[in-house]
Amino acid sequence: MTFGCRWAGMWAEADEARMRLYCVLDYAGDSLLLSAEAPLETTEFTSQTPHFPAADRMERHARDLFGVIFVDHPDPRRWTRHCAWPENWHPLHPAQAGDPPTPGRTPADVDYPFAAVHGNGVFEIPVGPVHAGIIEPGHFRFHAAGEPVLKLEERLGYVHKGIERLAVGRDPAGLARLAARVSGDSAVAHAWAACQAMERAAGIEAPPRALALRGLLAERERVANHLGDIGAICNDVGFAFAHVQTARLRERWQRRNRECFGHRLLMDTLVPGGVARDLPVGAAENLCADHAALRREVEPLFDIIDDHPPLDDRLVGTGVLSLENARALGCTGYLGKASGCGFDLRRDAPYAPYDALEVPLVTDSEGDTAARVRVRMAEVRASLDLMDQLLDAMPSGETTAPLPTPLPGAIGFGQVEGWRGETLAWVRFDNAGRIARYFPRDPSWFYWPALERLIMGEIVPDFPVCNKSVNGSYSGVDL
Amino acid sequence: MLRILAHILRTGIVTEPPPATDDATLEALGLELRRAIDARFGRSLALRFIDAGSCNGCELEVHALANPYYDLERFGVGFVASPRHADALLITGPVSRHMETALRRTWRAMPSPKFVIAAGQCACDGGEFGVSYASCGAVENVLPVDVKIPGCPPAPDDIIRGLLAALNLTAENPHIRVSRIG
Ligand code: SF4
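Since we're looking at a predicted model, the values are computed, not measured.

Draft legend 1. Summary view of the overall build of chain B. Helix and strand content of chain B: six helices and six strands. Reading chain B from its N terminus to its C terminus gives the helix and strand order α-α-β-α-β-β-α-β-α-β-α-β. Taken across its 182 residues, chain B has 62% of its residues classed as buried. Pairs at least 24 apart in sequence give 76% of the contacts found in chain B among residues at least 6 apart. Here chain B has roughly 7,100 Å² of accessible surface; of this, 55% comes from carbon and sulfur atoms.

Draft legend 2. Structural detail: the pairing of strand β4 (residues 115–119) of chain B. Residue and element names in this part refer to chain B. When you tally the buried positions in β4, you get five out of five residues, the bulk of the element. Residues Phe115, Ile117 and Ala119 of β4 are buried on one face, and the alternating residues Val116 and Ala118, pointing to the opposite face, are buried as well. Both strand β3 (residues 88–92) and β4 contribute to a ladder of five bridges, which runs parallel. Opposite isoleucine 91, over in β4, you have alanine 118 as the bridge partner.

Draft legend 3. Quick peek at the interface of chain A and chain B. Taken together, the contact between chain A and chain B spans 67 residues of the former and 52 residues of the latter. Surface buried jointly by chain A and chain B totals about 4,700 Å² across both partners, of which 60% is contributed by carbon and sulfur atoms. Between the two partners, chain A and chain B, sit four salt bridges. Connecting chain A to chain B are 29 residue pairs in polar contact (both at pLDDT 80 or more). Of the residues contributing to the side of chain A that touches chain B, the split by class is 28 nonpolar, 19 polar and 20 charged.

Draft legend 4. Structural context of the UniProt feature "domain: NADH:ubiquinone oxidoreductase-like 20kDa subunit" (unreviewed entry) in chain B. Per the UniProt record, the feature "domain: NADH:ubiquinone oxidoreductase-like 20kDa subunit" (unreviewed entry) sits at residues 55–165 of chain B. Across residues 55–165 of chain B one finds 29% helix and 14% strand; the C-alpha atoms that close the span lie 25 Å apart.

Draft legend 5. Broad picture of the site of the ligand. Surveying the vicinity of the ligand reveals the residues Arg181 and Met267 of chain A together with Ser54, Cys55, Gly57, Cys58, Gly120, Gln121, Cys122, Gly151, Cys152 and Pro153 of chain B. Neighbouring residues of the ligand are distributed over chains A and B. When residues of the shell around the ligand are traced back to their parent elements, those giving at least two are α3 (57–64) and α5 (121–125) of chain B. By residue class, the composition of the shell around the ligand is six nonpolar, five polar and one charged.

Draft legend 6. Structural detail: the environment of isoleucine 117 of chain B. Residues and elements named next belong to chain B. Looking at the element boundaries, isoleucine 117 is found in strand β4. The exposure class assigned to isoleucine 117 is buried, which follows from its relative accessible area of 1%. Between the alpha carbons of isoleucine 117 and arginine 10 there is a distance of 38 Å; along the sequence they are 107 residues apart.

Draft legend 7. Representation of the pattern of salt bridges within the structure. Residues and elements named next belong to chain A. Applying the stated rule across the entire model yields 48 salt bridges over all chains. Among the ionic pairs, glutamate 13 bridges to arginine 20, the shortest N-O distance being 2.8 Å. Judged by its relative accessible area of 14%, arginine 20 falls in the buried class. Arginine 374 is the salt-bridge partner of aspartate 364, the closest N and O atoms lying 2.9 Å from each other. With aspartate 364 in the loop between α11 (345–348) and α12 (369–392) and arginine 374 in helix α12, this residue pair connects regions lying 10 residues apart in the sequence. Several salt bridges converge on common partners, so that one network encompasses Glu13, Asp15, Arg18, Arg20, Glu37 and Arg428.

Cut-offs applied
- Residues numbered from 1 in each chain as written.
- Chains lettered and ligands numbered in written order.
- Predicted model: local features only at pLDDT ≥ 70, side-chain atom pairs only at ≥ 80, totals over all residues.
- Heavy atoms only, no water.
- Helix = DSSP H or I, 4+ residues; strand = E, 2+ residues; numbered from the N terminus.
- Buried < 20%, exposed > 50% of the residue type's maximum accessible area, 1.4 Å probe, protein only.
- Contact = heavy atoms within 4.5 Å.
- Areas by Shrake-Rupley, 256 points an atom, 1.4 Å probe, with all protein chains shown as cover.
- Pairing = 2+ DSSP bridges.
- Buried area = accessible area lost by both parts, 1.4 Å probe.
- Salt bridge = Lys/Arg side-chain N within 4 Å of Asp/Glu carboxyl O.
- Polar contact = N/O pair within 3.5 Å; in protein donor to acceptor, adjacent residues only side chain to side chain.
- Nonpolar A, V, L, I, M, F, W, Y, C, P; charged D, E, K, R; others polar.
- UniProt positions renumbered as here; feature names shortened; annotations may be inferred.
- Near = heavy atom within 4 Å.

Structure below.
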């Protein structure tokens, strides 16, 4: 029934008369965009979840926000909606122009019907939304018998900020700014996907120099996040040495970001039609020297992380995501790669500037936390090489092209390999050249369900490190 | 083990005084923070961090405070796991409506006197997200705020200066708006 396709996302959009549903399927790098329509009064569609488990939460998200009904969906529970607005009010439904009758203060989401697990000695551990550390808010409900986890159920949506509705009516520059804030750690990935979608809708391509610089920015984002996460994973199992070292390297990296690109997290460095600013004079040499320095530093450090028996004790065999599960859930990025799914848009459906570069195939087969660390280390090395090549062959010329006003109703689809994996963006323009619909599909939609699976049978104290090694974005899916 | 020690020796000490954008010497800023904390909080300032709806950009910069360049802890400022152990609440993000109650409850769980520090543009004025069906906007729409640290996100050195402002020492710093010192 799935024809060997990876289910890569779905979203709804509506006008006064009709509800439309889009779904993306991937087959070895080729994307198939499917759409279906229904009159607004019925808005019933057949659920894809029975065939593609990955569709579960995105369908529930579309139902909460649009009021779409998914026939045969196995899970009738709300997802994005907590208690801030009533059940029969849908923020993206065309009939809902004003604000909902909000309660003065939003009550806590107390009556969400968590699945129950019964059995002798089975107990529940509720965690969150406020966590003990410095992380995003979400709720986790563990069922455990002794130490082993029988079941983990996630309850997200706490950082739902209404991004999709905020996007409506924005101009292209405003959308790029918003896209950079879908998930702060993926500022480049989401901004690039959104800009690519808008540029395709307008029928232009950014100049070659801008595309090369975008590639450079995306790789810088990848390196920074991997460095941070590798250290944080080590820290979670008590190996502070690696944490301090990677945090140091990451900090230096971010300072160079500010110096060369004007922002430590590279926000607002991409604009529709190109990039916000060119490389300052002399920056290319500094960056090349940085790459060489980082290579010198990470080699011995990664060697230690690779071969440190106490670390292996905690990471090897911990939180295994089987290839079968990774496939069924459509995982891309380091999570999929660590379990043997080698998909990478930069290689399998290359776009500029990657179409002129050799992106190495990075995969592992173990699917455990250690494999996720290894994949990230390999990606850091690969990114350094890619950045050198980009700087080496940096085209000259303009860094932006003017974005003509797209035709009324023009649509665009953006697809880039963010540091976390395949990142999509869907854009439709209205008649005035403003945004009528924006949907950013973060890879985390598939990371969170994977975490629920890979934690099964693990002990509760291993949850933090498993969670860190997966590192799904909350903001990126709560929207 | 030897490799680790060798690596540490090779790296040396990178910790630096928190970089300031003003002319005050960097080291002085750090020491000032240390002295202020000694005087007011008995040698330590315990922060409870809460992300009330951020895009996670601010959170990354709060994390950076612990890296060896800033090493916030050397000034006696640390993050605690429970609001009951906290002197101040450090909040990022606009307050999403879904986090409103959790935020209020966290604040209520803190012993008085308590500071509220809003870090980041979103926490200061709603930022890119503002007020909507899904967002309450600025933290001050939900809780009384003592100090605002703007920036999207504020860099770690901005956050350190904001903490100083929380201690009523650099109220004249134009970058930091101190709304109320409790
Ligand atoms: S201030 Fe900026 S970085 Fe911080 S949460 Fe808001 S959008 Fe994200």
